[in-house]
Amino acid sequence: MSSFSRSRMAAPFLSVVLLTLLLIAWQLAVRDSAPTAGLDPEYAKLMGVAATTGKSAIPTPIDVGRKLMAAVADPFYDKGPNDKGVGTQLAFSLARVLLGFGLAAIVAIPMGFLIGMSPLAGATLNPFIQVLKPVSPLAWMPLALYTIKDSAQSAIFVIFICSVWPMLVNTAFGVAGVRREWLNVARTLEVGAWRRAVHVILPAAAPTIFTGMRISIGIAWLVIVAAEMLVGGTGIGYFVWNQWNNLSLADILMGILLIGLVGMALDRLLALAASGVTWRE
Amino acid sequence: MTRPYLSIEGISRLYGTRPVFRDLWFGVERGEFCCLIGHSGCGKTTILNILAGLEAPDGGALVMDGHEIAGPSLDRAVIFQSHALYPWLTALENVAFALRSRHPAWSRAQILARAHQALELVGLKDAAHQKPSELSGGMKQRVGIARALSLEPAMLLMDEPFSALDALTRGALQDEVVGLVGGGRQTAFMITHDVDEAILLADRILLMTNGPDARLAEIVVNTLPRPRDRASLHRQPGYYPLRNHIVDFLVTRSRVLAETRPADWTGRNVPEISPATPHADNKSLESLAP
């Protein structure tokens, strides 16, 4: 092996090279071609610039870059319900995700504790979990809209329902898997139920619980885009759908990029929190 | 009838309908160090768990200091085979966790001071703030010993505490245990399969036949004088008769006796012999030979 491939800088360097190559290929693929001659002027008018100049409707990376720069320069403007800054839209989405995810954690972690500690509770609730877990969160949307009668709250409910399962299942798994000898130590020390739950079971299961939280926040961020496309109004999902209605592909591509970056940031944040509670044997 | 300090009275453990062991009787006197030796499958660890109160016997009873053992207690501290430290706590915090159970009213400073003291006793003063993952196997077991001793238990229970360690570490730790709990200050019960360990530490050595349906075949009284240390123990007169007796038991008699349980056998009258003392006992030894 060469010293380069072993170097810590090798992978980041290659990532940048790959990105550059992809951007160049993209730019070349959608660059202007020669005007299309001999077109019926009436038809050309109907078809717009794409047909008359031969220019692709797909924006170039430079177009997307310009949009991104503009968005970063003024992320929080508000020019009415259909024209808000992309920062505002992301903030709406994040608030919904964090609210739904937080509520889900409040429900799922204590429930998971109960299921993990009581085999009877686990066996009783297992069929419900198995049936409800694979239901697409968007399938709950009509029911949520009917019962809650508020589209913004319905979106939060959808985030709640999709976040709850991974956290519930992982907490139960982590709690049920606490090493028997650790529990035996607590028993020989006559540790009470509350102290055992907080000081033995919780730290022992914490890494597994955090894995569940990471899965949940990932799913929540996936689902919020779809949910906002349905309920509309605000949010990054609504932004993308709105730009589709505007036929602004450059804005859509920028939205996709921002969704990816925010999703990555959420995952890294939870990974960081998880590393704080992870123990090694 | 006067009961010993810890009295095991006819306990049994069933695996389905088959007994792992049954009708097991023995006692541990105050300040005595008792070792139980037997092959795998005779229920050694189960016996220790029952003494600790972690498991209930399928029959029989246990009485300690006039009270029936009905569950785990801070008075019976356990040193586990696999150290069983909490990996998310430092060595100091592991000891402090136990001390907090023992002394709920103590201040944090008192607990920490006492925990430091306990670690110093086992030579881990400098490793107090390390996590178990940063400690060697021997150091982890030392923390386990410090945790158990810091409770000042009426009885110390040890489940093959040194079996996972290499020979050199094991020897060093055995010497330390002799210094810490030997000499009649601490009542202790230890499971082992190491003959020399038993001879070094124990006042009496309980020999179990092979399972299933294991029984306590005999009790060997270790009359070698204290204080003992590993360096000179094997030069003591009586060491080899004692050692040979136990090794013979483990190699052949534990198996032969398991197959030939006398019809009139009862768990209450286990022969007690002293192979290290040259006197009339030797005759009874010959009669016991298969």
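Just so you know, the residues in each chain are numbered from 1, in the order the chain's sequence is written. Chains carry letters and ligands carry numbers; both start at the beginning, A for chains and 1 for ligands, and go up in the order they are written. Local features are withheld for residues below a pLDDT of 70 in this predicted model, meaning they are given only at 70 or higher, and side-chain atom pairs are given and counted only at 80 or more; totals for whole chains, interfaces and linings count all residues. With hydrogens and water stripped out, all remaining heavy atoms of the structure feed into the side-chain values.

A. Main features of the pattern of salt bridges. Residue and element names in this part refer to chain B. What makes a salt bridge here is a side-chain nitrogen of Lys or Arg within 4 Å of a carboxyl oxygen of Asp or Glu, nothing more. Scanning the model with the defined rule gives 23 salt bridges over all chains in all. Glu9 is the salt-bridge partner of Arg3, the closest N and O atoms lying 2.6 Å from each other. The buried category is assigned to Glu9, whose relative accessible area is 13%. Here Asp65 and Arg30 are joined by a salt bridge, their closest N and O atoms 3.6 Å apart. Highlighted residues: Asp65 in the loop between strand 4 (59-64) and strand 5 (67-68) and Arg30 in the loop between strand 2 (18-28) and strand 3 (33-37), separated in sequence by 35 residues. The rule is simple: take the accessible area with a 1.4 Å probe, protein chains only, and divide by the maximum for that residue type; under 20% is buried, over 50% is exposed, in between is partly exposed. Numbering of helices and strands runs from the N terminus; a helix is a DSSP stretch of H or I covering at least four residues, while a strand is a stretch of E covering at least two.

B. Highlighting the interface of chain A and chain B. At the interface, 18 residues of chain A touch 20 residues of chain B. When residues of chain A are sorted by the area they lose upon contact with chain B, A:Thr188, A:Leu189 and A:Arg195 head the list and together hold 31% of the total. Our enumeration of links across chain A and chain B arrives at zero salt bridges. Polar contacts, as counted here, are pairs of nitrogen or oxygen atoms within 3.5 Å of one another; within protein the pair requires one atom able to donate a hydrogen and one able to accept it, and residues that are adjacent in sequence qualify only if both atoms are side-chain atoms. The interface formed by chain A and chain B contains nine residue pairs in polar contact (both at pLDDT 80 or more). The set of elements that each furnish at least two residues to the side of chain A that touches chain B consists of helix 10 (180-188) and helix 11 (193-231) of chain A. Among the elements that make up the side of chain A that touches chain B, the one with the highest residue count is helix 10 of chain A (seven residues). Residue type decides the class: Asp, Glu, Lys and Arg count as charged, Ala, Val, Leu, Ile, Met, Phe, Trp, Tyr, Cys and Pro as nonpolar, and the leftover types, Gly among them, as polar. Taken together, the residues of the side of chain A that touches chain B break down into nine nonpolar, three polar and six charged. In what follows, residue pairs with any heavy atoms lying within 4.5 Å of each other are defined as contacts. When two parts are put together, the accessible area they lose, computed with a 1.4 Å probe and summed over both, is reported as buried area.

C. Main features of the confidence of the model for chain B. Residue and element names in this part refer to chain B. Residues with a pLDDT of 70 or more make up 95% of chain B, whose mean pLDDT is 89. On a scale of 0 to 100, pLDDT captures the predictor's confidence in every residue. The least confident element of chain B is helix 9 (residues 281-288), whose mean pLDDT is 48; the most confident is helix 2 (residues 91-102), at 96. The model gives residues 286-290 a pLDDT under 50, and that stretch makes six contacts with residues more than four places away or in other chains.

D. Molecular detail of the state of the cysteines. Residue and element names in this part refer to chain B. Two cysteine sulfur atoms form a disulfide, by the criterion used here, when they sit within 2.5 Å. Tallied over the entire structure, the rule returns zero disulfides over all chains. Not engaged in a disulfide, the cysteine Cys35 finds its nearest cysteine sulfur in Cys34; these two sulfurs lie 7.7 Å apart. On the accessibility criterion, Cys35 (0% relative accessible area) is buried. Sulfur of Cys42: no disulfide; nearest cysteine sulfur belongs to Cys35 and is 13 Å away.

E. Fine view of the environment of B:Gln130. All names here are of chain B. Among the secondary structure elements, Gln130 is positioned in the loop between helix 3 (108-121) and helix 4 (137-150). Sequence spacing of Gln130 and Leu89 is 41 residues, and the spatial spacing of their C-alpha atoms is 8.4 Å. Among residues more than four places away in sequence, those in contact with Gln130 are Thr90, Ala91 and Leu135.

F. Inspection of the side chain of B:Asn222 at higher detail. By the secondary structure assignment, B:Asn222 is in the loop between strand 10 (216-221) and helix 7 (230-233). The contacts of B:Asn222, once residues within four sequence positions are left out, are B:Ala198, B:Ile199, B:Ala202, B:Asp203, B:Arg204, B:Arg228 and B:Leu242.

G. Layout of the sheet that holds strand 2 of chain B. Residues and elements named next belong to chain B. One requirement defines pairing of two strands: DSSP has to find at least two bridges between them. Pairing is antiparallel across the open sheet formed by four strands, whose spatial order is 2-1-4-5. The sheet terminates laterally at strand 2 and strand 5, the two strands that pair on one side only. The pairing of strand 4 with strand 5 spans two bridges and is antiparallel. Residue pairing for strand 5: Met64 is matched across the bridge by His67.

H. Broad picture of the domain arrangement of chain A. Domain parsing of chain A yields domain 1 (3-58) and domain 2 (86-277). Note that domain bounds follow an automatic or database assignment of domains. Taking the mean C-alpha position of each, domain 1 of chain A and domain 2 of chain A sit 38 Å from one another.

I. Examining helix 4 of chain B more closely. Expected span of a helix, by definition, is 1.5 Å for each gap between consecutive residues, and there is one gap fewer than residues. Compared with an ideal rise of 1.5 Å per residue, which puts 14 residues at 20 Å, helix 4 of chain B spans 20 Å between its outermost C-alpha atoms and is within 8% of the ideal. Burial analysis of helix 4 of chain B places 12 of its 14 residues in the buried class, which makes it a mostly covered element. Within the sequence span of helix 4 of chain B, burial applies to B:Gly138, B:Lys140, B:Gln141, B:Arg142, B:Val143, B:Gly144, B:Ile145, B:Ala146, B:Arg147, B:Ala148, B:Leu149 and B:Ser150. Residues of helix 4 of chain B that are buried make contact with helix 10 of chain A together with strand 6 (76-79), helix 2, helix 3, strand 7 (155-159) and helix 5 (167-181) of chain B. Of the residues trailing helix 4 of chain B, B:Glu152 is marked for its positive phi of about 45 degrees.

J. Broad picture of the sheet that holds strand 7 of chain B. Residue and element names in this part refer to chain B. With respect to topology, seven strands assemble into an open sheet ordered 6-7-8-3-9-10-11, the strand pairing being mixed. Of all the strands in the sheet, just strand 6 and strand 11 (272-273) have a single pairing partner and so form its edges. Looking at chain direction, strand 10 and strand 11 are connected through two bridges and run parallel. Its bridge partner lying in strand 11, Ile219 is registered against Glu272. Only C-alpha atoms enter the line fits that serve as axes; for helices the fit covers just the stretch in contact. Angles between N-to-C directions range over 0 to 180 degrees. Sitting on the sheet, helix 4 touches strand 6 and strand 7, and the angle it makes with strand 6 is about 180 degrees.

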